[in-house]
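Letter by letter, the chains look like this.
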Amino acid sequence: MKYYNNLSSYLKKRYGQRVQRLPINAGFSCPNKTGEKGFGGCIFCEKTGSAFSSTSADVSISKQLELMMKRYEGKASKYMAYFQSNTNTYAKVEKLKELYDHSLISEDILILDISTRPDCVEEEKLDLIASYKEKVDVFLEFGVESTNTRTLSYMNRGHYLSDVIDATLRAKKRNIEIIYHYIIDFPTDDKNDVVEMAKFANVMKVQGVKLHSLYITENTVLGEKYKNNEIKILTLEEYVERIILFLEYLNPEIVIHRLAADPPKNGTLHGNWGKRKIEIINMIDKEMKERGTYQGIKYKE
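Calculation rules
Residues numbered from 1 in each chain as written. Predicted model: local features only at pLDDT ≥ 70, side-chain atom pairs only at ≥ 80, totals over all residues. Heavy atoms only, no water. UniProt positions renumbered as here; feature names shortened; annotations may be inferred. Buried < 20%, exposed > 50% of the residue type's maximum accessible area, 1.4 Å probe, protein only. Helix = DSSP H or I, 4+ residues; strand = E, 2+ residues; numbered from the N terminus. Pairing = 2+ DSSP bridges. Axes fitted to C-alpha atoms, helices over the stretch in contact; angles between N-to-C directions. Contact = heavy atoms within 4.5 Å.

Looking at an unreviewed UniProt entry, one finds the protein chain named TIGR01212 family radical SAM protein and attributed to Geotoga petraea. The Cofactor (unreviewed entry) comment attached to the protein chain in UniProt states, word for word, "[4Fe-4S] cluster".

Outline unusual backbone geometry, listing residues and values.
In terms of backbone geometry, most residues other than glycine have negative phi values and most peptide bonds are trans. The backbone of Asn-86 sits at a positive phi, close to 60°, despite the residue not being glycine. Looking at Asn-86, the relative accessible area reads 18%, which means it is buried. Backbone geometry at Trp-273 places phi at a positive 55°, although glycine is not the residue there. For Trp-273, the location among the structural elements is in the loop between β9 (268-270) and α11 (277-291). Residue classification places Trp-273 among the partly exposed positions, given a relative accessible area of 22%.

Just give me the short version of the sheet that holds strand β5 (residues 177-183), but keep the residues and values in it.
Read across the sheet, seven strands follow the order β1-β2-β3-β4-β5-β6-β8 without closing on themselves; strand pairing throughout is parallel. Strand pairing shows two members of the sheet lacking a second neighbour, β1 (19-24) and β8 (255-258), which therefore form its edges. Taking each pair of neighbouring strands and ignoring which way they run, the sheet shows an average axis angle of 25°. The sheet contact formed by strand β3 (residues 109-116) and strand β4 (residues 137-145) spans six bridges and is parallel. Paired with Ile-114 across the two strands is Leu-140, which belongs to β4. Together, β1, β2 (78-83) and β3 form the strand contacts of helix α3 (residues 61-71), whose direction differs from that of β1 by roughly 140°.

Quick look at the structure:
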């Protein structure tokens, strides 16, 4: 039994079968790295921009997908093309169309999932993204990370909550499905911030959320702060506590796309407390069962 509205079950119910997510590295950069918004990116961002689970950007998008579809042959027959690394709307519309078009290599791809920043979705980009709804279902992921303005500033996000609200409302006008990405164990956030993150997702009526723990890697500002003992890292038990608290306040209709993920294989100073993501998920399930709690138990419309 699952105590929350998990993605795999949701997709099976929606499409009648398993849908496998295929991460794409399209070689995007980020306005927070190029100088448009800032330099160096977020203080926790390692050089791949979360592409450590993807194929190299030197491999064409169609080839990346072909390789991954072959890997899952016999396990899944339907797929989600997931533009994962860096800011996947950070290019001219013509270039974006070319890249997105190259991801729809098969009728077995049912979903186009685009991960980006909330301050990088101009009107013409949202129009383009919405146009793909004629062919596939479309998910648009916004890296919110925290609803605490001081945390956003400390982490050098280069955007604020107003950007998230603006981007969400404009995307919703086009009936694009929205997913928020949160990191819920920033050392500058507390349990009240975690509850606020859940309530914010409820108020904005998003379709999904993604959560994972804070990764600290070499050659990052946060990595140096960690080595200099300038930040306090939460324990695994505290992380599990925050996950459960978040779920308890979250609208039960919102789909949980992720509660944990695997950190980078190389250069990680701190990530998942040495556990695999499935171990953390199992800990969350066990604790929720023992408490008799579930997603939305404290949710109020």
